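Residues per chain, in single letters:
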Amino acid sequence: MKRVLVTGGAGFLGRHLCQHLLMTGHEVICVDNFFTGTKRNIVELLDNPYFEIIRHDICFPLYIEVDEIYNLACPASPIHYQHDPVQTTKTSVHGAINMLGLAKRIKAKIFQASTSEVYGDPNVHPQREDYWGNVNQIGPRSCYDEGKRCAETLFFDYFRQHNLKIKIARIFNTYGPFMQLNDGRVVSNFIVQALKNDPITIYGDGDQTRSFCYVEDLIEGLVRMMDTSDDITGPVNLGNPGEFTIRELAEKVIDMTGSRSKLVFQTLPSDDPRQRCPDISLARHWLDWEPRIRLEEGLVNTISYFDTILKEIPQG
Ligand code: NAD
Ligand code: UDP
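For clarity, every value in this text was computed on a predicted model and none was experimentally measured.

Student: What is the right way to look at the environment of N134 in this model?
Tutor: Within the secondary structure layout, N134 lies in the loop between strand 5 (109-115) and helix 5 (142-162). For N134, a relative accessible area of 32% gives the class partly exposed. The spacing of N134 and P122 is 12 residues in sequence and 5.6 Å in space, taken between C-alpha atoms. If near-sequence neighbours (up to four positions away) are discounted, N134 is found in contact with Y119, G120, D121 and N123. Engagement of the side chain of N134 in a polar contact is seen with the backbone oxygen of D121, the distance being 2.7 Å.

Right, dumping it as structure tokens:
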């Protein structure tokens, strides 16, 4: 049994990771400031004696004894990370420094949840890990993109300077149950809009692409990465190489929910990447990993989750 710290453990991915670690026999300490995560997400885990929750902002130092650290704390949805951009950069940069300092002091292995956003609006397609990206450093997405890029830099400097055991995964768009109703990312937005027969909000012409990974596949990739031998640091891409336009996603969701929703086209946010698709050759090679769950299958589970949540909310 390992004692594992999960920062951002009450968020969407963090919640699934905590559950997976508990189910595979580990002790989990979840640290979260509940900015985008909720107690509701982790309520089912609270009865487990091997699960602990600490309300804490990782921008401040933390003293704790663990074997491994998964650093997931950071709002991931554009509307949330742009709400307080200075705090977003602080979370990525100061948060990384604090967690790396902790890992160094207690000699723990540390994993960083990086992102496909480090590639910006990519000129190379699909994106491989050796592509350095095309990122605007002064735009509205920069707090997140540059924060995550700087966190990668810090991880590699701690690796080179202090011989830390680091693992970096660049996560591509992931979806599934336990996203918030108001998360603002495309899959949850479209499903909630479709279930309520509200207009489906497509930003731009809907021809931009994304590759959607179901959360169960992603979590398997994260833990496999953490379990690799010390010489493997990453970065490794984790995502589903199936690529869809946003309009295709909207049509699929309408079809699968039997919704009466109509498509409405709204202004494309600035610096919104035109295309995104992971090259996962490295993940296949290092982790013997690839996603197993097709978009339709993952959407069935996610639609069913949101359907239940919406029925629990009093209508009025
Ligand atoms: P999320 O917003 O649901 O979860 C983030 C969690 O971090 C929340 O519980 C939030 O309250 C917590 N948090 C934020 N700032 C904090 C701080 N300063 N101190 C402590 N806790 C803090 O997002 P998610 O989708 O679960 O993403 C988790 C991680 O994975 C993030 O680092 C994100 O950048 C990365 N990621 C996610 C995706 C995706 O598609 N889900 C893609 C790429 C990268
Ligand atoms: N998007 C959209 N309607 C929405 C939410 C998002 O058309 O209601 C688009 C958004 O402009 C982007 C894509 O869907 O092109 C994915 O957006 P998301 O916020 O999920 O993630 P990211 O842009 O970070 O990949």
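That was the structure; now back to the text.
Student: Teacher, can you tell me more about the packing of helix 6 (residues 186-195) against helix 10 (residues 295-312) here?
Tutor: Axes are the key here: two packed helices are described by the angle between their axes and the distance separating the axes. At a closest axis distance of 10 Å, the pairing of helix 6 and helix 10 adopts a crossing angle of 55 degrees. As far as their axial angle goes, helix 10 and helix 6 are oblique. Handedness of the crossing formed by helix 6 with helix 10: right-handed. Along its contact with helix 6, which presents V187, S188, I191, V192 and L195, the element helix 10 presents L299, T302, I303, F306, D307 and L310. When the residues that make up the contact of helix 6 with helix 10 are grouped by side-chain class, the tally is 8 nonpolar, 2 polar and 1 charged.

Student: Please explain the pattern of salt bridges as it appears in this structure.
Tutor: Side-chain pairs of opposite charge can arise where the charged atoms are in close proximity. Evaluated as defined, the whole model comprises 22 salt bridges. A salt bridge links E312 to R40; the nearest nitrogen and oxygen atoms lie 2.6 Å apart. Taken together, the residues E312 in helix 10 and R40 in helix 2 (residues 39-42) connect sequence positions 272 residues apart. For D307, the salt bridge goes to K311, with nearest N and O atoms at 2.9 Å. Pair noted here: D307 and K311 are both in helix 10, with a separation of 4 residues, about one helical turn. According to the relative accessible area criterion, D307 is partly exposed, its value standing at 27%. When salt bridges with common partners are traced through the structure, they connect E117, R141, R210, D272 and R276 into a single cluster.

What counts as what
Residues numbered from 1 in each chain as written. Chains lettered and ligands numbered in written order. Predicted model: local features only at pLDDT ≥ 70, side-chain atom pairs only at ≥ 80, totals over all residues. Heavy atoms only, no water. Helix = DSSP H or I, 4+ residues; strand = E, 2+ residues; numbered from the N terminus. Buried < 20%, exposed > 50% of the residue type's maximum accessible area, 1.4 Å probe, protein only. Contact = heavy atoms within 4.5 Å. Polar contact = N/O pair within 3.5 Å; in protein donor to acceptor, adjacent residues only side chain to side chain. Axes fitted to C-alpha atoms, helices over the stretch in contact; angles between N-to-C directions. Parallel < 35°, antiparallel > 145°, perpendicular 65-115°, else oblique. Left-handed = near helix turned anticlockwise from the far one by under 90°. Nonpolar A, V, L, I, M, F, W, Y, C, P; charged D, E, K, R; others polar. Salt bridge = Lys/Arg side-chain N within 4 Å of Asp/Glu carboxyl O.

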